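# Working through the structure, step by step
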Amino acid sequence: MHKTFVFLAIQLMALTTCCGQNNTTSAHRIFAGTGKQVKNLEPYPAGTPAGPAANLAIGNPFGIEFSENSVWIMSVDDHCVYRGKINGQKLHRVAGNGLPGYTGDGGPAEEATFNWPHEVRADSAGNLFIADTRNHTIRHVDKVSGIVTTLAGSGQPGMSGDGARGSEIEFNQPHSVVLDGKGGLLVADTGNHRICRIDLATGVMKTISGTGEKQLPSDGGSSLHSTLAGPRSLAVDKDYIWIALREGNSIWRIQRQTKTIHHVAGTGKKGYTGDKGPPKDATFRGPKGLVLDDLGRILVVDTENHAVRRIDLSLNRVDTILGGSKSDETFLLKRPHGIAYKTTIGYVVADSEHHRVLLGK
């Protein structure tokens, strides 16, 4: 009997330490991905890949989105968008054929090609907006027809298009998109160090922040005339547009009514310091994901620190909640990117170079 208990204890230890993790808490688990990289030489056959989320290979997941009862995952290795139920019972490809390129406009999204798409958003009807980063475009997938079109961007890098629409607009590696709740789509035009707004009724684009100069903003200044340093990720609520500056190693927000920009967290220097202290005194290293929880706290994917950190402005405090200094208690992360939050289940994080998506509370 004693030998049996010893054997079971050893087995339990092996399970909790496999795959570079010590998952000692039930608050975190694998939501999607097998940990295997995806490498394609041929387009996917129709209807594939599909299956339970945790059994499906998701190569280098980046952007993640919740919409109603669906979750959307952007997979960079195969340049695809996947959709599934929030219970994770099934995930299936809805856009991208598995190969890189810039083809397919006017046809089915599943047969189209994208090039390192980084982020996806869905409106209330289920229409998709995709930051097709290395094609320098924003693409749209119609929910009813499944047809993909280019909403904005010429397909070539550049910086132009204020007051223009469609292919007259030039972006330089747009990474993030978010619906602003007022009929517009915000675009983090990362390589141009600016944030743009596309009016979805007219298609007309306007710059709302960023001069094109890579520099930290001036706290309290005009958002339109402010500099930015690599805006990488966006989030919105009724009062603010929240911005993660990748090159600026900091978090900022635009007050939507006054159109002024304000410092939230990060000194601007690279580092991994400041947990349990004031957010403005903390250091980050290349933040690349951003979302707000139902308590108004900001969850930041601190990519190059392999961590997710939470900013609580009511407590004037920042903490690591996943990976990083909490790796032994949660999961060891490897260059995580996207993050999404839903009140009923918590947050999901793209643990990108481990080729999986994690769920946390």
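Residues numbered from 1 in each chain as written. Predicted model: local features only at pLDDT ≥ 70, side-chain atom pairs only at ≥ 80, totals over all residues. Heavy atoms only, no water.

## Some details on the overall build of the chain
Cut-off, in case you're wondering: The way it works is that DSSP assigns letters per residue, a run of H or I at least four long becomes a helix, a run of E at least two long becomes a strand, and they are numbered from the N terminus. Each radius of gyration reported is based on C-alpha atoms, and the globular scaling rule is 2.2 Å times the count of residues to the power 0.38. The contact criterion used throughout is that any non-hydrogen atoms of two residues lie within 4.5 Å. Where accessible areas are quoted, they stem from the Shrake-Rupley method and a 1.4 Å probe; at the residue level, only the protein chains shown are allowed to cover. When charges are counted, neither His nor the chain ends are considered; positive counts come from Lys and Arg and negative counts from Asp and Glu. A charged residue contributes its charge at one atom only: NZ of Lys, CZ of Arg, CG of Asp or CD of Glu.
Along the backbone of the chain there are one helix and 25 strands. Its C-alpha atoms give the chain a radius of gyration of 20 Å, within 12% of the compact-globule value 21 Å for 361 residues. Of the contacts formed within the chain by residues at least 6 apart in sequence, a portion of 44% connects residues at least 24 apart. With an accessible surface of roughly 15,200 Å², the chain has 53% of that area assigned to carbon and sulfur atoms. Of the side-chain charges in the chain, 40 are positive and 35 negative, and the distance between the mean point of each set is 4 Å.

## Some remarks on the pairing of strand β5 (residues 80-85)
Defined as follows: Any two strands with at least two DSSP-identified bridges between them are counted as paired.
Direction of pairing for strand β4 (residues 70-75) relative to β5: antiparallel, over a ladder of six bridges. In the sheet register, M74 faces β5, and the bridge partner there is V81. Counted between consecutive antiparallel strands, the loop separating β4 from β5 contains four residues, among which H79 sits at a positive phi close to 60°. Bridge count for β5 against strand β6 (residues 91-95) is four bridges, and the pairing is antiparallel.

## A word on the nonpolar core
Under the convention used in this document: Put simply, a nonpolar core is a bunch of buried Ala, Val, Leu, Ile, Met, Phe, Trp, Tyr and Cys residues held in one set by side-chain atoms that sit within 4.5 Å of each other. Residue burial is assigned from relative accessible area. The probe radius is 1.4 Å, only protein chains are included, and a residue is buried under 20% of its type maximum, exposed over 50%, and partly exposed in between.
Core analysis: the largest hydrophobic core is formed by 21 residues, its most contacted members being L91 and V348. Every element with two or more residues in this core is listed here: β1 (28-32), β3 (61-67), β4, β5, β24 (346-351) and β25 (356-360). Beyond its immediate sequence surroundings of up to four residues, L91 is in contact with A32, P49, A50, G51, A53, L56, I58, I73, Y82, R83 and G84. Among the nonpolar cores identified, the runner-up in size contains 15 residues, and W242, V264, A282 and L290 belong to it.

## Here's the deal with the confidence of the model for the chain
Basically, it comes down to this: Confidence scores labelled pLDDT are given residue by residue by the predictor and lie between 0 and 100.
Predicted confidence across the chain gives a mean pLDDT of 93, with 93% of residues reaching 70 or more. Scored below 50 in pLDDT, residues 1-25 makes 19 contacts in the model with residues more than four places away or belonging to other chains.

## Here's the deal with the sheet that holds strand β14 (residues 205-209)
Convention followed: Axes here refer to lines fitted to C-alpha atoms; in helices the fit is confined to the stretch in contact. Angles between the N-to-C directions go from 0 to 180 degrees.
Spatial strand order, β11-β12-β13-β14: four strands in an open sheet with antiparallel pairing. On the outer flanks of this sheet lie β11 (174-179) and β14, each paired with one strand and no other. Along the sheet, successive strands turn relative to each other by an average axial angle of 30°, direction set aside. Here four bridges tie strand β13 (residues 194-199) to β14, and the two strands are oriented antiparallel to one another.

## Some thoughts on unusual backbone geometry
Following T48, the chain continues to P49 via a peptide bond in cis, the omega torsion being -15°. Here P49 is to be found in the loop between β1 and β2 (50-51). At E68, a position not held by glycine, the phi torsion is positive, near 55°. Positive phi values are uncommon outside glycine, yet K259 reaches one of about 55°. Looking at the element boundaries, K259 is found in the loop between β17 (250-255) and β18 (260-265).

## What about the packing of aromatic side chains?
For clarity, the threshold we go by: Between 30 and 60 degrees the pair is tilted, below 30 it is stacked and above 60 it is edge-to-face, where a pair is any two Phe, Tyr or Trp rings, Trp via its six-membered ring, whose centres lie within 6.5 Å. Only when the NZ atom of a Lys or the CZ atom of an Arg is both within 6 Å of the ring centre and within 35 degrees of the ring normal do we say a charge sits over the ring.
Under the defined criterion, the tally for this structure stands at two aromatic pairs. Ring centres of F62 and W116 lie 6.5 Å apart, and the angle between their planes is 85°; on these two criteria the pair is classed as edge-to-face. On the criterion of sequence distance, the pair formed by F62 in strand β3 and W116 in the loop between β6 and β7 (119-122) is long-range, its members being 54 residues apart. Residue F62 is classed as buried on the basis of its relative accessible area, which comes to 5%. Against the face of F114 rests R139, its NZ or CZ located 4.5 Å from the ring centre.

## Structural notes on the environment of K85
Following the sequence through the fold, K85 ends up in strand β5. Distance in space between the C-alpha atoms of K85 and N40 is 25 Å, their sequence separation being 45 residues. Not counting chain neighbours up to four residues away, the residues in contact with K85 comprise F31, N69, V71 and K90.

## Focus on the sheet that holds strand β20 (residues 298-302)
Within the open sheet, the four strands sit side by side as β19-β20-β21-β22. Their pairing is antiparallel. Either end of the sheet is taken by a strand with one partner, and the two such strands are β19 (287-292) and β22 (317-323). For this sheet the average axis-to-axis angle between neighbouring strands, irrespective of direction, equals 25°. Note: β19 against β20, five bridges, orientation antiparallel. Paired with V291 across the two strands is L299, which belongs to β20.

## A look at the side chain of H136
Where we set the bar: As used in this structure description, the phrase polar contact means that two N or O atoms lie within 3.5 Å; if the pair is within protein, one of them must be able to donate a hydrogen and the other to accept it, and residues adjacent in sequence are counted only when both atoms belong to side chains.
Its location among the elements puts H136 in the loop between β8 (128-132) and β9 (137-141). Look at H136 and you get buried, because its relative accessible area is 8%. Polar contacts involving the side chain of H136 include one to the main-chain amide nitrogen of Q173, which spans 3.1 Å. Every residue in contact with H136, bar those within four places of it in the chain, is listed here: G153, S154, G155, Q156, P157, F171, N172, Q173 and P174.

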